[in-house]
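Structure assessment
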Amino acid sequence: MSSGPGAASAPAPDHHDSPPPSGTPAARPARKSSMFSSLKVRNYRLFFLGQVVSNIGTWMQRIAQDWLVLSLTGSSAAVGITTALQFLPMLLFGLYGGVLVDRLRKRPALLVTQTSMALTAIALAVLTLTGHVQVWHVYVAAFAVGLATVVDNPARQSFVSELVGPGQLQNAVSLNSANFQSARLVGPAVAGLLITGVGTGYAFLFNGLSFIAPLTGLLLMRARELHVVERTPRGKGQLREGVRYVTGRPELIWPIVLVGFVGTFAFNFPVYLSAFADDVFHAGAGAYSMFNTLMAVGSVAGALLAARRGTARLRLLIVAAMAFGALEILAATTPTLWMFALLMVPLGLFGMTVNVTTNTSIQMSTDPAMRGRVMALYMMVFLGGSPVGAPIVGWITDTYGARVGLAAGGAVAALAAAVIGLVLARVGNLRLSVGWHRGHPRVRFVPREHREELAPAA
């Protein structure tokens, strides 16, 4: 849904004020909807169930990969380099991936990318299980997965709208996030058992085999039931066209800028949590797995709450990002392991709220013909910031300690949210209103022209 600048760009836009995408019927999501309504769609149900299995394997590999690198090198900076290499292709080629996604049919593209990631995981499993793995092997595998992600990520994001149509998009995006984070409850726990019991290689092997589920789901889908968007024909200047489209719309560009800061400096949890588990609390792989699991509990709650909501408001994004940054600063100061672990739950909730709100608001504000390029730009900024941020926060963590690294990341997120919130308010010609509503304090943005209406009568 392409909407122009103005009030809709403000921190609290209502999507029903935006025109529908060209070529699609008007679809206005209800404020409250069934939490699992999009699962009634057969094609989406196949997609969702396949992702359940694959996401568990993905989380197992993430934990095993980070712990393997830390075991081989003893360096948080090396973990940061691994993360950077996995997301570097998105930073370098993300926009080109979006152009390809707008030109290609989504389902065949996903069959290719999912297969390539499965083969990469199996190759890493063989190297690890045979005792020949070296840190550069992990680096190469991470970079290879990153290359596949350049196409896979925007294709999966935009394919959701073809599975469910515009009326269920908000719900389906939120359930996808809940799916991914629910797997985070299982994956790290199983990975922790495998690492301590039989070794990291079996976690890589499980991930490689787990791709059978989404590949089967894609093959079983009914093509006639897809809400297929007309593909963009090959032409010159399509990358520049996508960039101009985003930069000309404040409701798109400023949320992307915000998640760029958050993703680059505050979402580097492989670096932060492995350092807290190993260096601060000296608790080993079990604690690292527990931190990820507890964060997943909060993330699932955040995703399900988003599925229940009918709208994705930018003011919610600003507040959630500020709370997320503040919680990271608080977590950095906690003296005991159990206090740090408990804070992982609200951190996961607010982090997921930032993620889902941004994703949904961007998809619902974008013309379907541009969605691949817009989502590629969003993912390039969100995930591609890691190659810049991970080595930096890894160096800060190694040099000044895990507490300083985590606090610095939280401070960047909170400050960026505050500044961008003020920018959006200015763009939308809004002002801050502080008052009372039904006996409770309420802080919100209101149009400046309503100042006289809100003033008390003389």
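Parameters at a glance
Residues numbered from 1 in each chain as written. Predicted model: local features only at pLDDT ≥ 70, side-chain atom pairs only at ≥ 80, totals over all residues. Heavy atoms only, no water. UniProt positions renumbered as here; feature names shortened; annotations may be inferred. Helix = DSSP H or I, 4+ residues; strand = E, 2+ residues; numbered from the N terminus. Contact = heavy atoms within 4.5 Å. Areas by Shrake-Rupley, 256 points an atom, 1.4 Å probe, with all protein chains shown as cover. Salt bridge = Lys/Arg side-chain N within 4 Å of Asp/Glu carboxyl O. Buried < 20%, exposed > 50% of the residue type's maximum accessible area, 1.4 Å probe, protein only. Core = buried A, V, L, I, M, F, W, Y, C linked by side-chain atoms within 4.5 Å. Domains from an automatic or database assignment. Expected span 1.5 Å × (residues − 1). pLDDT = per-residue confidence, 0-100. Polar contact = N/O pair within 3.5 Å; in protein donor to acceptor, adjacent residues only side chain to side chain. Patch = residues over 30% accessible without salt bridge, like charges linked within 9 Å, V, L, I, M, F, W, Y side chains within 5 Å. Axes fitted to C-alpha atoms, helices over the stretch in contact; angles between N-to-C directions. Parallel < 35°, antiparallel > 145°, perpendicular 65-115°, else oblique. Left-handed = near helix turned anticlockwise from the far one by under 90°. Phe/Tyr/Trp six-rings, centres within 6.5 Å; stacked < 30°, edge-to-face > 60°. Lys NZ or Arg CZ within 6 Å of the ring centre and 35° of its normal.

In the annotation of an unreviewed UniProt entry, the chain is listed under the name MFS transporter and assigned to Streptomyces variegatus. Regarding the chain, the relevant UniProt record gives this comment under Subcellular location (unreviewed entry): "Cell membrane".

Attention now goes to the overall build of the chain. When its secondary structure is counted, the chain shows 17 helices and 2 strands. Taking all contacts inside the chain whose residues are at least 6 apart in sequence as the whole, residues at least 24 apart take part in 83%. Carbon and sulfur atoms make up 66% of the accessible area of the chain, which totals about 18,800 Å².

In the numbering adopted here, UniProt assigns the feature "transmembrane region" (unreviewed entry) to residues 44–64, 76–97, 252–273, 285–307, 314–331, 337–356, 376–396 and 402–425. Its end C-alpha atoms 33 Å apart, residues 285–307 is made of 100% helix and 0% strand.

For the rest of this paragraph, the subject is unusual backbone geometry. Positive phi is not limited to glycine here, since histidine 282 has a value of about 50°. Counting through the fold element by element, histidine 282 comes out in the loop between helix H10 (269–280) and helix H11 (284–308).

What follows is about the side chain of glutamate 328. Along the chain, glutamate 328 falls in helix H12 (residues 314–332). Beyond its immediate chain neighbours, meaning those up to four positions away, glutamate 328 contacts Ala266, Phe269, Leu347, Leu406, Gly409 and Gly410.

So, about the pattern of salt bridges. In total, this model carries 5 salt bridges according to the counting rule given. For lysine 106, the salt bridge is made with glutamate 162, and the minimal N-O distance between the two is 3.5 Å. Of this pair, lysine 106 sits in helix H3 (residues 106–129) while glutamate 162 sits in helix H4 (residues 135–164), and the two are 56 residues apart along the sequence. The two residues lysine 106 and glutamate 162 agree in class, both being buried. Notably, a salt bridge pairs glutamate 241 with arginine 373, separated by 3.3 Å at the nearest N-O pair. With glutamate 241 in helix H8 (residues 238–247) and arginine 373 in helix H14 (residues 371–384), the pair connects residues that are 132 residues apart, well separated along the chain.

This part takes up the nonpolar core. Generally speaking, nonpolar side chains in soluble globular proteins are found buried as a group. In this structure, Leu258, Leu273, Phe291, Phe340 and Tyr378 are the most contacted members of the largest nonpolar core, which totals 79 residues. Here this core spans two domains, and each of domain 1 (37–225) and domain 2 (240–444) adds at least three residues to it. Those residues in contact with phenylalanine 291 that sit more than four places away from it in its chain are Leu273, Phe276, Ala277, Phe281, Leu337, Phe340, Ala341 and Met344. Judged by nonpolar contacts, the second largest core, of 21 residues, contains Tyr44, Leu163, Leu218 and Met364.

A separate point is the environment of alanine 191. By the element assignment, alanine 191 lies in helix H5 (residues 169–197). The class of alanine 191 is buried, set by a relative accessible area of 0%. When residues no more than four places from it in sequence are discounted, the contact partners of alanine 191 are Met60 and Ile63.

It is worth spelling out H3 at this point. An ideal rise of 1.5 Å per residue puts 34 Å on 24 residues; H3 measures up with 35 Å between its terminal C-alpha atoms. One or two positions beyond H3, positive phi appears at glycine 131, with a value near 80°.

Of all residues in the chain, 82% have pLDDT values of 70 or greater, and the mean over the chain is 80. Mean pLDDT values over the elements of the chain span from 45, in helix H17 (residues 451–454), up to 95, in helix H7 (residues 212–220). Note that residues 1–31 has pLDDT below 50 and, in this model, 78 contacts with residues that lie over four places away or in other chains. Segment residues 450–458 is flagged for pLDDT under 50; beyond a separation of four residues in sequence, or across chains, it makes 5 contacts in the model.

Turning our attention to the side chain of threonine 113. Residue placement: threonine 113 occurs in helix H3. By relative accessible area, threonine 113 is classed as buried at 7%. Among the polar contacts listed, one links the side chain of threonine 113 to the side chain of aspartate 152, at a separation of 2.7 Å. Discounting residues that sit within four places of it in the chain, threonine 113 has contacts with Ala148, Val151 and Asp152.

Once that is clear, we can look at a nonpolar patch on the surface. Side chains of Leu91, Leu92, Phe93, Tyr96, Leu147, Val388 and Ile392 sit close together on the surface and give an oily, nonpolar patch of about 610 Å² of accessible area. For the nonpolar patch, the secondary-structure elements that each account for two or more residues are helix H2 (76–103) and helix H15 (386–400). A total of 4 residues in the nonpolar patch trace back to one element, the largest contributor, which is H2. Phenylalanine 93 gets classed as partly exposed once you look at its relative accessible area, which sits at 37%.

Let's shift gears to the packing of helix H1 (residues 42–73) against H3. Where H1 meets H3, the axes come as close as 12 Å, and the angle between the chain directions of the two elements is 40°. One element, H1, and the other, H3, form an angle in the oblique class. Both H1 and H3 take part in a crossing whose hand is left-handed. Only Gln114, Ala121, Leu124 and Thr128 of H3 make contact with H1, whose side of the interface consists of Gln51, Ser54, Gln61 and Leu68.

Counted under the stated rule, the structure contains 14 aromatic pairs. Each ring, one from phenylalanine 267 and one from phenylalanine 324, has its centre 5.0 Å from the other, and the planes form 25°; the classification is stacked. Of the two residues, phenylalanine 267 sits in the loop between helix H9 (250–266) and H10 while phenylalanine 324 sits in helix H12, which places them 57 residues apart along the sequence. On the basis of relative accessible area, phenylalanine 267 is assigned to the partly exposed category, the value being 24%. For the ring pair phenylalanine 276 and phenylalanine 340, a centre distance of 4.3 Å and an interplane angle of 15° mean the geometry is stacked. One end of the pair, phenylalanine 276, is in helix H10; the other, phenylalanine 340, is in helix H13 (residues 337–364), and 64 residues separate them in sequence. Here phenylalanine 276 matches phenylalanine 340 in class, with each residue buried. Taken together, the ring pairs connect Tyr44, Phe47, Phe48 and Phe159 into an aromatic cluster. Its end group placed over the ring of tryptophan 59, arginine 62 keeps NZ or CZ at 4.8 Å from the ring centre.

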